[in-house]
Each structure stands twice: as structure tokens, then as C-alpha cells.
Amino acid sequence: MPAHQACLNIDELRQRARRFLPRGLFEYIDRGTEDESALRRLRDSFEQAELTPRVLVDCNGRHTGVTLFGRDRPLPFVIAPTAAAGLVRYDGEVLLARAARAAGIPFCVSTQSITSIEAIAESGAELWFQLYVWRDRSLTHALLDRVAACGVDTLILTVDTAVSPKREYNRHNGFNVPVTPSLRGALDVARRPAWAAGVLLRLLADGGWPGYAHYPPQFRTRITDAAAHDPIRLCDRVSWDDVAELRRRWAGRIILKGLLAPEDALRASEAGVEAIVVSNHGGRNLDSAPSPLTVLPRIMDAVGGRMTVLADSGVRRGSDAAKLLAAGAAAVLLGRAPLFGLAAGGQAGAEHALAILQDELDRSLALLGCRTVAELRGLSARYR
Ligand SMILES: Cc1cc2nc3c(=O)[nH]c(=O)nc-3n(C[C@H](O)[C@H](O)[C@H](O)COP(=O)(O)O)c2cc1C
């Protein structure tokens, strides 16, 4: 039996991921920002939330399916965009896309992925694309043309990353951007021979240190190069004007990711986007950000009837997902959970992570007396 199959929950997959990945890379995935208060707040919010079960409900024949954007899906999950998933396993983004396809859910490709959207599209998965607006808007628009040419119709615009967050542990362990080769980093890699042979050496054999596949050729830096060229840096001047411009250019669906204020949700619905993701970026950006679970009820009051509301951040149990769904989310994005699975066992490991969460969600439904995800919304709940 492959080792990841012995993992019974996401935390056990996380432990396996920790043993497979160099410390710098593991911490880049696992940890938060600054004092990691947002990360703790996420855990607290799920632990303190209560859902009161209804009993003596015949919940035989229940299912975890939802209809999202007009399509029936067996699970209320989407694999979230995560930068550099192609460093976790060789071809990591393609493996995640295949796992999503096997589970019947979408995979959202990050602007900062190692593999290009064109190559990932060969997986046959339903792909969404996550956009960081670059300083040079003409380059952003050229990237959008590439994405549309791959048949992608759903664009996630991430709106919570005006600048790079301060992650001091990355600086200390060398897994910063750029990755700075050091003795400490070399020893870190040497302690993880399976990763070094199975991922790093294969990437190097492909043509040297990997880079970000969506950067325009003239600015395509490798992960070890000095910071990104100015035209493709994160832009602190992204505003509602960019959303309006995107609305004019992008014929498909637009989702804004990273909103936490009801006022912003309202503004998003007025800007004509189809959906939002209530998210604090997995506790990785603003350390004082609230947990999505605690703000979701107010956001639903503000825009619930007008647009689709998705949520993410901190989901490690099916019951965590159940709480976000009960609070109004139409579906939940998963960042680290499938990444831990990917590290632990490649595509099969990522599928295992999704299966664990589906099983836990199914048990939550039964124990709460719900036959469907939609019925979760009728439960009495308390979010502190
Ligand atoms: C390693 C890593 C890289 C990420 N990269 C991106 C990214 O490139 N773009 C983006 O919008 N969000 C990114 N995120 C945030 C995720 O899309 C998602 O919001 C978050 O991971 C959800 O929290 P969770 O990991 O607790 O599920 C990243 C998250 C992780 C863990």
C-alpha cells in the first residue's frame, strides 16, 4: 500500500509532506505571515463554530454534490491556485489538475505556476485561471489572451496581494523569492534525497532552475534570479478600474478572490462580476485579517441573493468545509490540503486528500441530519 494511503486525515498527510519536502519549501506552503496570528485565528474560528444537528432525519441516499455555475459536481470543492506547486512534485500542477479531473472538480491555475496553462490544459481538467495584475497592463492582457485561447472561461482575480507579505521564516531558510542558494539550503535539500532526485534533479535536467511559465519570455526569470522585472511585479495600484477593464475584456466569468468586507462584496456585485471568494489567503498575507468564517454571515446578508459566494482558508477537515457551506458558501477552495496530498503521494496523494475531505463532509452531513449540502444552510449555527 502506498504510504499516503495510510494517512487518515489531512494532518497526517501534512506530516508526510513535511518528511518529503525540504524544510524551506514545506514552510513556504505550511506557514503564515509575520506572527502567524491570522493562521491561529483560522483554526480558532473553525474550532469555536457550532452547528446544531437535527436528529431522526432519514439521511440515507445523501450526497455531497452541488451545482456550481450551472454544472453539477460531486463535491463542493475547487482546488485553489497555489504558486509553485510544480516544485512540490515534478509536474505538480499537471498532477493536481488530473486529481481535480478524477474528482470532478475544477483546478485553478496560478499566475505563478511552474507549468504553463497550455501544458496543464492537456490534462483535460476543467481549468480556471488566477490572475495577479502586473504593473504593465498590456502584458496582463496578453496573458489573458493566452488563457482564453486554452478554452478557460473562469478567471479568478486575486485582490488581496498589493505587495509581497513579510514571511521572515522564508528569508531565514532561503526559500524567499528569489530562492537564494546557500549552504543551509543545500543541506536542507540533501536531507530530502527523494525530493532532490524525484523533483529537483528532474527539473534541472529539463533546462536548469525552473521559472514561472506565464511570465512573458523577455522577463522569464528563474526562481533563483533577482526579483521579478518591474513590468511584471505585483502592482499596488490595482483598483476597481482594473475590475471594470477586465469586465470589458474578459468574456467569461470573473471571480474576485480575497474579499473580507461586506462593503467590498457589495461593490463587487455592482461591478458586474459573477462571484467572490471570501478568503484571507490561507492566513498568508495580512496577519490581522479576520477568518472568512466569521465574516461570511454578514457578507451573505449583503450580497447572498445577488451573486455566488465562495470561501476558503484553513480547511483541514470536512467539518470545516461544512461550516463554511452552512454559513453560505456555494463551494470551498482548498489550498494546502491537496498540496500536502501531492507532496505525500503525487496525483494519488492529492486524490486521497480530496477523498478524505469528501468522506468527512459526508459524515458531517449524516451526523447533522442533512441529505444535501444545501440543507446545511438551514441548520442553527453559531460563529464566534
Ligand atoms: C503555497 C501556496 C501558494 C499560494 N499561491 C497563491 C497564488 O499564486 N495566487 C492566489 O490567489 N492564491 C495563492 N494561495 C492562496 C490559496 O489560493 C488559498 O487562498 C489558500 O491556500 C486557502 O487556504 P488553505 O491553504 O488553508 O486551504 C497560495 C497558497 C499556498 C498555500
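Quick notes on the rules
Residues numbered from 1 in each chain as written. Predicted model: local features only at pLDDT ≥ 70, side-chain atom pairs only at ≥ 80, totals over all residues. Heavy atoms only, no water. Helix = DSSP H or I, 4+ residues; strand = E, 2+ residues; numbered from the N terminus. Rg over C-alpha atoms; globule rule 2.2 N^0.38 Å. Buried < 20%, exposed > 50% of the residue type's maximum accessible area, 1.4 Å probe, protein only. Contact = heavy atoms within 4.5 Å. Areas by Shrake-Rupley, 256 points an atom, 1.4 Å probe, with all protein chains shown as cover. Lys, Arg positive; Asp, Glu negative; His and termini not counted. Charge placed at Lys NZ, Arg CZ, Asp CG, Glu CD. Phe/Tyr/Trp six-rings, centres within 6.5 Å; stacked < 30°, edge-to-face > 60°. Lys NZ or Arg CZ within 6 Å of the ring centre and 35° of its normal. UniProt positions renumbered as here; feature names shortened; annotations may be inferred. 1 Å grid on protein atoms, 1.4 Å probe; cavity = no way out; pocket = protein on both sides within 12 Å on 5 of 7 lines; lining within 4 Å. Disulfide = S-S within 2.5 Å. Near = heavy atom within 4 Å. Polar contact = N/O pair within 3.5 Å; in protein donor to acceptor, adjacent residues only side chain to side chain. Nonpolar A, V, L, I, M, F, W, Y, C, P; charged D, E, K, R; others polar.

1. Re the overall build of the chain
In terms of helices and strands, the chain carries 15 helices and twelve strands. Here the C-alpha atoms of the chain give a radius of gyration of 20 Å, agreeing with the 21 Å that 2.2 N^0.38 yields for 384 residues. Projecting the C-alpha coordinates of the chain onto the three principal axes gives extents of approximately 60 × 50 × 40 Å. Within the chain, buried positions represent 56% of all 384 residues. In the chain, of all internal contacts separated by at least 6 residues, the share reaching a separation of at least 24 is 72%. Just so you have it, the chain exposes about 16300 Å², and 49% of that area is on carbon and sulfur atoms. Placing the 48 positive and 43 negative side-chain charges of the chain at their respective mean positions leaves the two points 3 Å apart.

2. What about the packing of aromatic side chains?
Following the criterion strictly, the structure yields four aromatic pairs and no others. A centroid spacing of 5.9 Å and a plane angle of 55 degrees characterise the contact between Phe69 and Trp128, whose relative ring orientation is tilted. Separated by 59 residues along the polypeptide, Phe69 in the loop between strand S2 (66-68) and strand S3 (71-73) and Trp128 in strand S6 (residues 127-131) bring together distant segments of the chain. The exposure class of Trp128 is buried, given its relative accessible area of 0%. Note on Trp134 and Tyr215: the rings are 5.7 Å apart at their centroids and 90 degrees apart in plane angle, and the pair reads as edge-to-face. Residue Trp134 is found in the loop between S6 and helix H6 (137-149), and its partner Tyr215 is found in the loop between helix H9 (193-205) and helix H10 (240-249); the two are separated by 81 residues along the sequence. For Tyr215, a relative accessible area of 4% translates into the label buried. One aromatic cluster is present, formed by Trp134, Tyr212 and Tyr215 through successive ring pairs. The aromatic ring of Phe20 is capped on one face by Arg89, whose charged end is 4.1 Å from the ring centroid. Of note, Arg284 hangs over the ring of Tyr28, and the distance from its end group to the ring centre comes to 5.0 Å.

3. Thoughts on the UniProt feature "binding site: glyoxylate" (unreviewed entry) in the chain
Mapped onto this numbering, the UniProt entry gives "binding site: glyoxylate" (unreviewed entry) at Tyr28, Tyr132, Arg167, His281 and Arg284. Lining the second largest pocket, from the residues named above, are Tyr132 and His281. Residue position: Tyr28 is located in helix H2 (residues 23-30). Discounting residues that sit within four places of it in the chain, Tyr28 has contacts with Ala83, Arg167, Tyr169, Asn170, Phe175 and Arg284. Within the fold, Arg167 resides in the loop between strand S7 (154-158) and helix H7 (168-173). In this view, Arg167 contacts Tyr28, Gly32, Thr33, Arg284 and Asn285; residues no more than four positions away in its chain are not counted.

4. What to know about the state of the cysteines
The tally for this structure, following the rule as stated, stands at zero disulfides. Free of any disulfide, Cys370 has its nearest cysteine sulfur in Cys59, 8.4 Å distant.

5. Looking at the site of the ligand
Looking at the ligand, there are 23 residues lining it, with Pro81, Ser110, Thr158, Asp312 and Gly314 nearest. One of the side-chain N or O atoms of Tyr132 is found 3.1 Å from a nitrogen atom in the ligand. Measuring from an oxygen atom of the ligand, one finds a side-chain N or O atom of Asp312 at 2.7 Å. In isolation the ligand exposes 600 Å². Once the protein is present, 99% of that is buried. Elements represented by at least two residues in the shell around the ligand include exactly H2 and helix H14 (336-368). The residue makeup of the shell around the ligand, split by class, is eight nonpolar, ten polar and five charged.

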